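Structural characterization, general
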Amino acid sequence: MNLILFGPPGAGKGTQAGSLCAEFGMVQVATGDIFRRNLKQNTDLGQLARSFMDEGQLVPDEVVWKLVEDRLGDEDVQSGVLFDGFPRTVKQSELLVAWAESSGWKLAGVVALEVPDEQLVRRLSGRRTCLDCGSTYHVDHNPPAVEGTCDRCAGKVVQRSDDTEATVKARLATYHQQTAPVLEFFDSKGLVSRVDGVGGIDGVAGRIRTALG
Ligand code: ADP
Ligand code: ADP
Ligand code: ZN
């Protein structure tokens, strides 16, 4: 099964992705994680992405698409993909759909997590992220067992440089301007299930399962 887990920054996509992938045999493809890995390794792609990420802007569509198209050719994703943080523009959505049509790849649906902005700001400012595996935590709602250490891989857990108040505001504005229209695009294809993303992590997980039938 191939799914898009959609939602504004901080909606809980990364938090929900792990158990969904395990349950439905999908591999998570999180474009933000890929950029951060490149940043850490100081690649050309990482350098290019940094300037956009730090400003709360989107990395250009053609850069994102090249990366995703390459990733879709890998052996491990042939059993199923869970997109997290992609597509983020109508253009990226069109590129994915055109590629899917020409390659026989089938999108099962788009699960859209809905969370109001004021809650997103609280979630993002309290978010902590593992530098090694990308797992996310929250200082109040979901802290790691040992402060500063990832439960899953024992990596270092820190605050992302774009989870500061000013950048969070810019990212939310970017979401409303450029990313929210992606939902209308997939709505017109009858592919979107909206899920209330407010409430406990387990409650949201249950509602996602209900939406998936
Ligand atoms: P969030 O946790 O806010 O959903 P991500 O980790 O998905 O954040 O993305 C972090 C940043 O990486 C974004 O603010 C953007 O600059 C860049 N980015 C990630 N995915 C995409 C994409 N599909 N298109 C353009 N930019 C992206
Ligand atoms: P996204 O990947 O959509 O940007 P994350 O999964 O990283 O979002 O979640 C953003 C922050 O909110 C993290 O600190 C996470 O621990 C926290 N969080 C996720 N789901 C919930 C929830 N249902 N209730 C409260 N906090 C949550
Ligand atoms: Zn980790």
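So, a few notes on the structure that sits alongside this text.

Scoring rules and cut-offs
- Residues numbered from 1 in each chain as written.
- Chains lettered and ligands numbered in written order.
- Predicted model: local features only at pLDDT ≥ 70, side-chain atom pairs only at ≥ 80, totals over all residues.
- Heavy atoms only, no water.
- Helix = DSSP H or I, 4+ residues; strand = E, 2+ residues; numbered from the N terminus.
- Rg over C-alpha atoms; globule rule 2.2 N^0.38 Å.
- Buried < 20%, exposed > 50% of the residue type's maximum accessible area, 1.4 Å probe, protein only.
- Contact = heavy atoms within 4.5 Å.
- Areas by Shrake-Rupley, 256 points an atom, 1.4 Å probe, with all protein chains shown as cover.
- Near = heavy atom within 4 Å.
- Polar contact = N/O pair within 3.5 Å; in protein donor to acceptor, adjacent residues only side chain to side chain.
- Donors = N, O, S within 2.8 Å, 3.2 Å for Na, K, Ca; no water.
- Tetrahedral: all angles 85-135°; square planar, octahedral: opposite > 155°, others 65-115°.
- Core = buried A, V, L, I, M, F, W, Y, C linked by side-chain atoms within 4.5 Å.
- Axes fitted to C-alpha atoms, helices over the stretch in contact; angles between N-to-C directions.
- Left-handed = near helix turned anticlockwise from the far one by under 90°.
- Nonpolar A, V, L, I, M, F, W, Y, C, P; charged D, E, K, R; others polar.
- 1 Å grid on protein atoms, 1.4 Å probe; cavity = no way out; pocket = protein on both sides within 12 Å on 5 of 7 lines; lining within 4 Å.
- Points joined across faces, edges and corners; volume = space filled by probe spheres on them.
- Parallel < 35°, antiparallel > 145°, perpendicular 65-115°, else oblique.
- Phe/Tyr/Trp six-rings, centres within 6.5 Å; stacked < 30°, edge-to-face > 60°.

Further remarks concern the overall build of the chain. Helices and strands together make up the secondary structure of the chain, namely 9 helices and 8 strands. Expected size for 213 residues packed as a compact globule is a radius of gyration near 17 Å; at 16 Å, the chain falls within 12% of this value. Each principal axis of the C-alpha distribution contributes one length, and for the chain these read about 45 × 40 × 35 Å. Within the chain, buried positions represent 46% of all 213 residues. Counting only contacts in the chain whose residues sit at least 6 apart along the sequence, the fraction spanning at least 24 positions is 68%. Accessible surface for the chain amounts to roughly 10500 Å². Of this, 50% is attributable to carbon and sulfur atoms.

On to the site of ligand 2, then. Around ligand 2 there are 19 residues in total, and Gly10, Thr15, Arg127, Tyr137 and Gly199 lie nearest to it. Backbone polar atom of Tyr137 to an oxygen atom of ligand 2: 2.6 Å apart, as the coordinates give it. A distance of 3.0 Å separates a nitrogen atom of ligand 2 from a polar side-chain atom of His141. Elements with a contribution of two residues or more to the shell around ligand 2: helix H1 (13-24), strand S6 (136-138) and helix H9 (201-212).

Right, let's talk about the coordination of the zinc ion (ligand 3) for a bit. Protein coordination at the zinc ion (ligand 3): the donors are Cys130 (SG), Cys133 (SG), Cys150 (SG) and Cys153 (SG), at 2.3 to 2.4 Å from the metal. Angles of 98 to 115 degrees at the metal separate the 4 donor atoms of the zinc ion (ligand 3), which places the site in the tetrahedral class. Going along the chain, you hit the donors of the zinc ion (ligand 3) in the pattern C-x2-C-x16-C-x2-C. Taken as a pair, Cys130 in strand S5 (residues 127-130) and Cys150 in the loop between S6 and strand S7 (157-158) lie far apart in primary sequence, 20 residues in all.

Right, let's talk about the nonpolar core for a bit. Leu72, Phe83, Trp105 and Phe186 are the most contacted members of the largest nonpolar core, which has 31 residues in total. Sorting the residues of this core by element identifies strand S1 (3-6), helix H2 (31-40), helix H3 (44-55), helix H4 (61-72), strand S3 (81-84), helix H5 (90-103), strand S4 (109-114) and helix H8 (181-187) as the ones contributing at least two each. A total of 5 residues in this core trace back to one element, the largest contributor, which is H4.

Our next topic: the packing of H2 against H3. Helices that pack against each other are described as a pair by the angle of their axes relative to one another and the distance between those axes. At a closest axis distance of 8 Å, the pairing of H2 and H3 adopts a crossing angle of 120 degrees. Relative to H3, H2 is oriented so that their crossing is left-handed. Residues Gly32, Phe35, Arg36, Asn38 and Leu39 of H2 lie in contact with H3, whose contacting residues are Leu45, Gly46, Ala49, Arg50 and Met53. Across the contact of H2 with H3, the residue classes tally to 5 nonpolar, 3 polar and 2 charged.

So, on to the layout of surface pockets. Each pocket or cavity is described by its volume, and for the second largest pocket that value is around 510 Å³. If you go around the second largest pocket, you meet 20 residues; those closest to its centre are Arg36, Arg37, Leu39, Leu131 and Arg160. Among the elements of the structure, H2, H3 and S5 are those that each provide at least two residues to the lining of the second largest pocket. Of the residues contributing to the lining of the second largest pocket, the split by class is 6 nonpolar, 5 polar and 9 charged.

Looking now at the packing of H2 against H4. For the pair H2 and H4, interaxial distance at closest approach is 11 Å and the crossing angle is 95 degrees. On the basis of the axis angle, H2 is roughly perpendicular to H4. Where H2 abuts H4, its residues Thr31, Ile34 and Phe35 lie against Val64, Leu67 and Val68. Partitioning the contact of H2 with H4 into residue classes produces 5 nonpolar, 1 polar and no charged.

On to the packing of aromatic side chains, then. Applying the stated criterion across every chain, the model contains 6 aromatic pairs. Aromatic pair Phe83 and Phe86: ring centres 4.9 Å apart, planes at 50 degrees, arrangement tilted. You'll find Phe83 and Phe86 in the same group, each marked buried. With a centroid separation of 6.2 Å and an interplanar angle of 55 degrees, the aromatic rings of Phe83 and Trp105 are classed as tilted. Taken as a pair, Phe83 in strand S3 and Trp105 in the loop between H5 and S4 lie far apart in primary sequence, 22 residues in all. Through pairs of rings, three or more aromatic residues link up here, namely Trp65, Phe83, Phe86, Trp99 and Trp105.

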